[in-house]
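# Notes for the structure review
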Amino acid sequence: MSDFWPRLGWHVHRGEVDATVRLLHNATEEQRRSAAADLEAYVKKTPPEQWWSRQHRLQAVVVAAVGCLPSAARVATLLGRTVIADSMVSVPVKPVVQVARLRGTPFMADLGHRLAAQREAAALAAYEVAAALVVEAGSAPPDTDAFVRGWVRHHLFAQEMLDPRNVVLDRMRDDPMLTALLPRLFEIDGIGTDLTRESWRKQGTVVTALATLAKEGRLDRTMLLDGCVGRLLRGDRPNALRAFGLLVDQLAPTVDEAAARTLDLVRLLPDAPSTVAGLAQRLLRQVDDAGRLELDTLLKVSEQVLARTEKGLVKTQLRWLGAVAKREPDRAGEIAGVVSVACGHPAADIQELARKLGGEAPAVPEPWVGDAPVAAPVAAMPPPISSAGELAEEAAALFSAPLSVVSFERVLAGLVAVRATDPDGVTELLTPMLDRLNPRSEFDHLPSPADLNDALWSAIRTAAGATGKSSWQRLVAIVRDTIRGVARHDSVVPVPAPQRALVLRAGEVCARLTKQPVPNLVATPTSVNGHVDAGTLVDRLAAAERDGWEPWRFDLEQALLRLPREVDADVLARARKLGSAAGTRLADWLAAGGLPDPVPTRIAQRSAAVWMPEWRAVVALAPGGPGSGLLADELCTHVPPKGTGVWMPLTEALWPAVLPGHRDVIAAWALPTIAAAADQDQPGSRELLPLLAECTGPVGPALTIALAYGLAAKETTDRVAAVDAVLALAGSVDPVLLGQEMGAMAAGGVVKLNRGTGALTDAARGGAPDLVRAVVCAALPAVLAATPPPRGTPDLLALAAETVTATGWRGSLPEVTELAGRPGKSRSHVEARRLTRLAGPE
Amino acid sequence: MLASYAYLRPSELSGDDGLLLQTSGGPAAHPRFFNGFLTAAEATATGLLAVAEVARSRYYQQRPALLDPVVTGARDRLRFESFSGCCGVYARLDVLPAGMDGEMPGHGTTNVDVNPPLRQALARVGGGDPLHVAVGPDALEVSTMDGSVTERKVPLAARWLRGFAEVQVIAAGFEPRFEVPAGALRALPQSRDVLWVVPAGRSLRLTSRPVAGAVCLPGSNRLAALRPFMRFATTVRAYGPAVRPGDRPVASTWELTSPELRLTLTLSPEPNRGFSGEGAVLTALAGDDVVDDAELVSTVLSWDPTVDVPALADATGLDAGRVRAALTQLGTSGRVGYDVTEAAYFHRVLPYDAAAAAAMNPRLVAARALVAAGAVHGMTVHSGEARYHVRAVADGYTCTCPWWGKHRGDRGPCKHALAVQLASGDDDE
C-alpha cells in the first residue's frame with residue numbers, strides 16, 4: 001500500500017494522463033487516499049515556472065487529485081492554486097470524469113459546485129470540468145456568475161463549434177441547463193457583451209438563439225421580455241445593454257405586450273443609452289398609434305427626450321409630436337410648448353424642424369462663450385539642490401515619473417554643484433542607490449543613443465565616482481565624436497537634434513565631471529520653460545571669470561540657446577566687459593541678436609504602406625545664418641525622410657527647453673509624434689503643445705501644422721492639450737493657415753474631421769470664437785471640395801454658424817453659398833443655408 | 001474580515017406601502033430612522049440608485065464590490081453613503097429637510113439593503129406624487145419576524161474601510177471652486193485620464209494642466225453615476241483644494257443640487273489610486289496625543305445635521321484647534337463624515353470596526369516594525385541591505401526611498417519617515 005504514491009507519482013511526473021487514470025482505476029479507495037498527502041506535497045514543492053511548459057504533468061496532477069484527495073473541498077483547494085487554476089482550460093474533461101466516477105455521485109456534484117464557486121478567473125477556466133461533473137452527477141447546475149459566463153462562452157467557443165453543422169441555436173435547444181440558467185442572463189452584470197458575440201465560424205449569437213427558441217415555444221416570451229426590460233431599467237454598461245435591446249427587437253413585442261410595459265418604456269427614454277432609448281421610442285409609438293398612450297404621459301416624457309443631444313432621437317420625437325398635434329388640434333398649444341425645447345438644440349436642421357412645428361426659440365439665447373483664459377506668468381525654476389541629501393532624494397525620485405525640465409535640469413546641475421562642494425557626501429549617499437536607480441532592466445538591449453534616462457543614470461554614476469561601464473564609455477565616445485565631427489552609426493534611425501542636445505549634456509557630465517570639474521553649470525534655466533535670464537548668465541560667466549574656470553562646451557552652447565529673444569541694452573553692456581573666451585562669445589552672441597531663425601519648408605511625406613497615412617505634412621529646416629555652434633547647427637538643419645518614419649519613444653516634453661526662443665524649430669522636430677497621435681491613433685505627447693505655447697518665438701508652419709494634428713488627435717487628453725495651446729496662442733497663430741491645414745488633412749482623409757470640429761468647438765466656447773471662426777472659414781473650401789465630403793461636414797458648418805453668430809462676423813464664403821444654392825435637403829444643405837443667411841449682409 | 005448583513009427581509013417597493021428599506025446593524029439590529037413621505041419621489045429614487053450604483057461599481061480593477069450602502073438618520077435629514085470597490089469613488093445622497101415629511105424615531109447609522117428587484121422598482125418611480133418611505137422596519141415587525149432574517153456575508157477589506165474613513169479627512173480641505181448649470185456636466189467627454197476643469201461662461205472647459213481656480217477631474221468616466229440625476233438638479237458645484245500650475249493630481253467633489261436633495265461624488269486623485277492609501281492621516285495617527293481628545297469629543301456628538309465646533313469646544317473645554325484635530329482623528333475611525341457643502345463634519349458612526357482598520361494601516365505597521373527591529377539610526381533607516389536617509393523639511397519629512405520618490409508627499413509620509421517620527425517620539429518620553 002505504501003508503494004502506491006511512488007507508482008502514481010512516477011506517472012504524474014512524466015505527464016502520463018492515461019496511465020494515471022488506469023492506475024487509479026485499478027486501485028482501491030484506500031490505496032488512492034494513501035497518496036493524498038504526498039500528492040499535495042509534490043504540487044506545493046514544485047516551483048511555478050516548472051509547470052508552465054509541462055501541460056501534461058499538470059493534467060495528470062488534476063486527474064490524480066480528483067482520484068486521491070479525501071474530500072471535494074481538498075481537491076478544489078489544490079486545483080485553486082494559481083498555477084493550476086490558470087491552466088484548467090487545457091485539462092481534458094474525459095479522464096477527469098472517468099476518475100471522478102470512482103468517487104461517487106455526491107462527490108462529483110460537490111466538486112463541480114466548488115470549482116464553480118472559485119474566484120472569477122479560476123472558475124471560468126474550470127468551467128468545462130465543473131459542467132461535466134455536474135451533468136454526470138445529474139445535479140442542479142451552479143448559478144455563480146462565473147459558471148453562467150462559462151456556460152455562455154461554451155456555447156460560442158467550445159471545441160465542437162469547429163464543426164460547421166453545429167449552430168448555437170441547436171445546442172441551446174438541447175441544453176439541459178437552459179431553463180435553470182436562463183434567468184441569470186438578466187441578472188449578471190456585463191454578461192450582455194457575450195450574448196451578442198458571434199460564435200466561431202459565425203454560427204449565430206445567443207440573442208438570436210433565444211429569440212428563435214421563444215418563437216418555437218421552447219422559451220416563455222413573457223419571461224424573456226420582462227427580463228430584458230428589467231435589465232434595461234436597472235442599467236449596465238451601454239455595450240452590455242445592447243444585447244437586451246436586440247433581444248426585445250427580435251422578439252418584436254405586440255402592441256398588447258408593449259402597452260403592458262408602458263411605464264417601464266417611459267422611464268427608459270430620458271437617460272438610457274441612445275439605442276435603448278430609440279427602442280423604447282419605437283415601442284411607445286406603436287402604443288400611441290393604437291390610441292393607448294395618455295397624452296400627458298407623452299408630453300412629459302417628450303420634454304425630457306427633446307433635451308437629449310442625440311439628433312436621431314430628437315428628430316423622431318419631433319415628428320411624432322407633429323403627428324400628435326394634427327390628431328389633437330385642441331392641445332396644439334401645449335404640444336408647441338414642449339416642441340420649443342428642441343429649439344435650443346445645436347443642430348440647425350433640428351431647430352428648423354422644431355420651428356416648423358410651432359416651437360419658439362427661448363427669448364434670451366444662452367451665452368455660451370466663456371472668457372478667454374488669462375495666461376499665467378511662466379513659473380521660475382525652483383531653487384537649486386543644495387545638499388547631498390537633497391540630491392540623493394531627487395535622484396531617487398528621478399525615474400519613477402517621466403522626466404521633466406525641472407527634474408532633469410535640477411539633478412544635472414545638482415550633480416555638478418553639490419559634488420564640487422561635498423564630493424564625499426555625494427559618493428556616500430549615491431553609491432548605495434546606483435543599482436536600484438538603473439532605469440534599464442538586465443534583459444534590456446544596449447540602450448539607444450537617444451535614451452536620456454540611461455544617459456542621466458550614467459551621469460549620476462559618474463558623480464558617485466563609478467565610471468567605466470559600457471553606457472558610460474559610449475556616452476563619452478558620443479561626446480568626443482561630436483566634437484571631432486565624426487558621424488556615428490550606432491542608431492538605425494537618426495536621433496532628433498533636441499534629443500541629442502539633451503543626451504550630449506548628460507554625456508558631457510560623464511566625460512568632464514572628474515577630469516575637468518567646474519563649480520556650476522551655466523545653462524540651468526531660470527524659468528521652467530527653459531529660458532535663461534540674460535543678466536543671470538552674465539553673472540554666471542563673471543563668476544567663472546573671477547574664480548578662473550571655463551564653462552564646458554555644450555553647457556555654454558546650451559546656455560546661449562536659452563537666452564531670450566530680446567535683451568536689454570545694459571545687459572549687453574555688462575556682457576561686453578567680460579574678458580574670458582566664454583564672456584566674449586556671449587557678448588558677440590547678444591550683439592548678433594541671438595540665433596537667426598532657421599528657414600522652414602513645408603513638405604508632404606508619402607507612404608504606400610497600409611498602416612500609414614497616405615501623406616503627412618512635415619517641415620524641413622535650413623540654418624538661417626552662418627554656423628552658430630555644434631548644437632545650434634544640428635537643431636537648425638532638419639531634412640525629414642521622404643516616407644513617414646518609424647515612431648520611437650523619446651522625451652519630447654524636455655525639447656522645448658532646449659530652444660525656448662524658437663518654438664517653431666522644436667515643433668518641426670516633434671511633428672512625427674504629434675502627427676502620429678492623429679493619423680495613426682498613437683498616444684500623443686500631451687504636454688508638448690502647451691509647453692511650446694509657453695515658449696517664445698514666431699508661430700511658423702511647423703507649430704501651425706502641429707496644432708492642426710493635435711486638434712485631431714485620437715485621445716481626448718491630447719485634444720484637450722491642443723485646445724489649451726490654441727487658446728494660449730490665439731494672438732500669434734495664423735488662423736487662415738491653421739484652417740487650410742486642417743481642411744486639407746480632413747479632405748484628404750488622413751485625419752478624422754469630427755475630432756477637429758469638437759476640439760475647435762471647445763476652443764470657441766473657451767474664449768476664442770473669433771479665432772475659431774476664421775479657422776473654420778479657412779477650412780471649409782477644402783472640405784466642401786472633397787468628393788464625397790468627409791464625415792462630419794455638417795457639424796463643421798454648424799460650428800461656423802455658431803461662431804459667426806457669436807462674433808457678429810459678416811463676409812462672403814463662396815463655396816458655402818454655392819452649396820446652399822444647390823437643391824438638396826441633407827443636413828449639409830440646411831446648415832449651409834443657415835450659415836449663408838447668418839454671414840450675409842444685414 | 002467579513003461584513004455580515006442580517007436583514008429582516010429584502011427591501012421592497014410596493015404600491016400599497018411604498019418604499020420599505022430594510023436595515024442591518026448600527027444602534028440596533030434593525031434600527032428605524034424615518035417613517036413618512038419623500039416629496040421629490042422620482043429624484044430621490046434616482047439619487048438612491050446612483051448611490052447604489054457606486055456601491056456595486058469598481059472603476060479601476062476587478063475587485064469584489066458588494067458592500068451595501070449605509071444610511072445615517074440625523075435630526076432633520078437622511079444621508080445615504082457608499083464607497084466603490086476600487087476605493088476611489090465616494091457617493092452621498094442627502095435628503096434635505098425640504099425633501100422629507102415624516103417622523104424620525106431614531107438616530108444613527110446602519111446598512112441598508114438595495115437589491116436588484118428594488119433597483120428595478122426604483123427605476124420605475126415616476127410622477128409627482130410623494131412616496132411613502134420607511135427606513136427600517138417598525139418595532140412590531142421586528143418582534144414578530146424574529147429568527148427569520150436574510151443573512152449575507154461578504155469580505156470586508158481593511159483598505160475599503162480605511163478609504164471610506166480617509167476620504168472624509170481629505171474632503172475637509174476642500175473649498176467650493178465654481179457653480180454652473182447642471183447640464184454643463186453632460187457635455188464633458190468620457191475619459192479615463194486625469195484632466196482639469198475650469199468654468200467657461202455657463203459651461204465647463206477641460207484643460208490639460210492645473211491652473212488657478214481649476215478643479216481636478218481624474219477620470220470623467222467615474223462621474224457616470226451622476227448622469228441620470230442631472231435632469232433633477234439645478235446646478236453642479238465642484239469642490240477641491242486650491243491648485244497652482246505644476247501641481248500633481250488631487251481629489252475633487254462634484255455635487256448636483258436640487259431644493260430637496262444633494263448628490264455628491266468624491267473622486268480620488270487618480271483612477272488607479274484608492275483613498276485607502278492616501279495617508280492623509282498617518283502623521284496624526286503616529287502621534288497619540290489627539291486620541292484622548294477624540295474620545296472626549298465623541299461623547300458629546302449628538303446626531304445634529306452638522307458638527308458645530310465652537311459648541312463642542314464649550315462642551316468639552318478644549319480649544320477649537322484641538323476639537324478640529326480630534327474630529328480629524330474621529331474621521332479616520334469612521335465616526336464622523338465630512339459635508340463639503342456645509343463645510344462641516346457630521347456625526348455618523350460606520351457600522352464596522354473602522355478604528356481597528358485605521359490602526360492597522362500597513363505603512364504604520366511597517367514603521368512600527370522598523371522601530372521595533374532597531375532599524376532607525378538617527379535620520380537613517382536600515383532596511384535589509386538598503387539605507388534610506390530621511391530629511392526634516394518645513395512641513396514634514398522627505399526620504400530617499402523609491403516609494404517617496406514616486407509620490408513626493410502626495411500620499412503622506414513613507415514608512416521610513418514615520419519610523420523616524422515614531423522613534424523620535426519615543427526618545428522624548
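Below, the structure is looked at part by part. (Residues numbered from 1 in each chain as written. Chains lettered and ligands numbered in written order. Predicted model: local features only at pLDDT ≥ 70, side-chain atom pairs only at ≥ 80, totals over all residues. Heavy atoms only, no water.)

Interface size is commonly expressed as the accessible area that is lost once the parts come together. The partner chain B presents 39 residues to the 44 residues of chain A that form the contact. Contact with chain B buries area across many residues of chain A, yet Arg234, Arg267 and Glu393 of chain A alone supply 19% of it, more than any other trio. On the surface where chain A and chain B come into contact, there are nine salt bridges. A salt bridge links Lys300 of chain A to Glu42 of chain B; the shortest N-O distance between them is 3.7 Å. (Contact = heavy atoms within 4.5 Å. Buried area = accessible area lost by both parts, 1.4 Å probe. Salt bridge = Lys/Arg side-chain N within 4 Å of Asp/Glu carboxyl O.)

As a further point, take the packing of aromatic side chains. Summed over all chains, the structure comprises twelve aromatic pairs over all chains. Consider the rings of Phe83 of chain B and Trp160 of chain B, whose centres lie 5.9 Å apart with planes at 70°: the pair is edge-to-face. In this pair, Phe83 of chain B is assigned in strand 7 (residues 78-83) and Trp160 of chain B in helix 4 (residues 158-171), connecting sequence segments 77 residues apart. Overall, Phe83 of chain B belongs to the buried group, its relative accessible area being 1%. Classification of Trp160 of chain B as buried rests on a relative accessible area of 5%. Positioned above the aromatic ring of Phe107 of chain A, the side-chain terminus of Arg103 of chain A is 4.6 Å from the ring centre. Over the aromatic face of Trp457 of chain A sits the side chain of Arg461 of chain A, whose NZ or CZ is 5.1 Å from the ring centroid. (Phe/Tyr/Trp six-rings, centres within 6.5 Å; stacked < 30°, edge-to-face > 60°. Helix = DSSP H or I, 4+ residues; strand = E, 2+ residues; numbered from the N terminus. Buried < 20%, exposed > 50% of the residue type's maximum accessible area, 1.4 Å probe, protein only. Lys NZ or Arg CZ within 6 Å of the ring centre and 35° of its normal.)

Our focus in this paragraph is the packing of helix 43 (residues 735-747) of chain A against helix 45 (residues 769-785) of chain A. All names here are of chain A. Look at helix 43 against helix 45: their axes get within 7 Å of each other, and the N-to-C directions meet at 40°. In terms of orientation, helix 43 and helix 45 fall into the oblique class. Here the hand of the crossing between helix 43 and helix 45 comes out right-handed. Contacts between helix 43 and helix 45 involve Pro735, Val736, Leu738, Gly739, Gln740, Met742, Gly743, Ala744, Ala746 and Ala747 from the former and Leu771, Ala774, Val775, Ala778, Ala779, Ala782 and Val783 from the latter. Residue classes in the contact of helix 43 with helix 45 are distributed as 14 nonpolar, three polar and no charged. (Axes fitted to C-alpha atoms, helices over the stretch in contact; angles between N-to-C directions. Parallel < 35°, antiparallel > 145°, perpendicular 65-115°, else oblique. Left-handed = near helix turned anticlockwise from the far one by under 90°. Nonpolar A, V, L, I, M, F, W, Y, C, P; charged D, E, K, R; others polar.)

Strand pairing in a sheet is mediated by backbone hydrogen bonds. Such pairs are either parallel or antiparallel. Residues and elements named next belong to chain B. Across the sheet, five strands lie side by side as 2-3-11-5-9; this open sheet has mixed pairing. Both edges of this open sheet fall to strand 2 (12-14) and strand 9 (100-103), since each of them pairs with a single strand only. On average, each strand axis in the sheet is tilted by 20° relative to the strand beside it, whichever way the strands run. Here strand 5 (residues 34-38) pairs with strand 9 via four bridges, running antiparallel. Residue pairing for strand 9: Asn35 is matched across the bridge by Glu103. (Pairing = 2+ DSSP bridges.)

So yeah, pure geometry; function would need other evidence.
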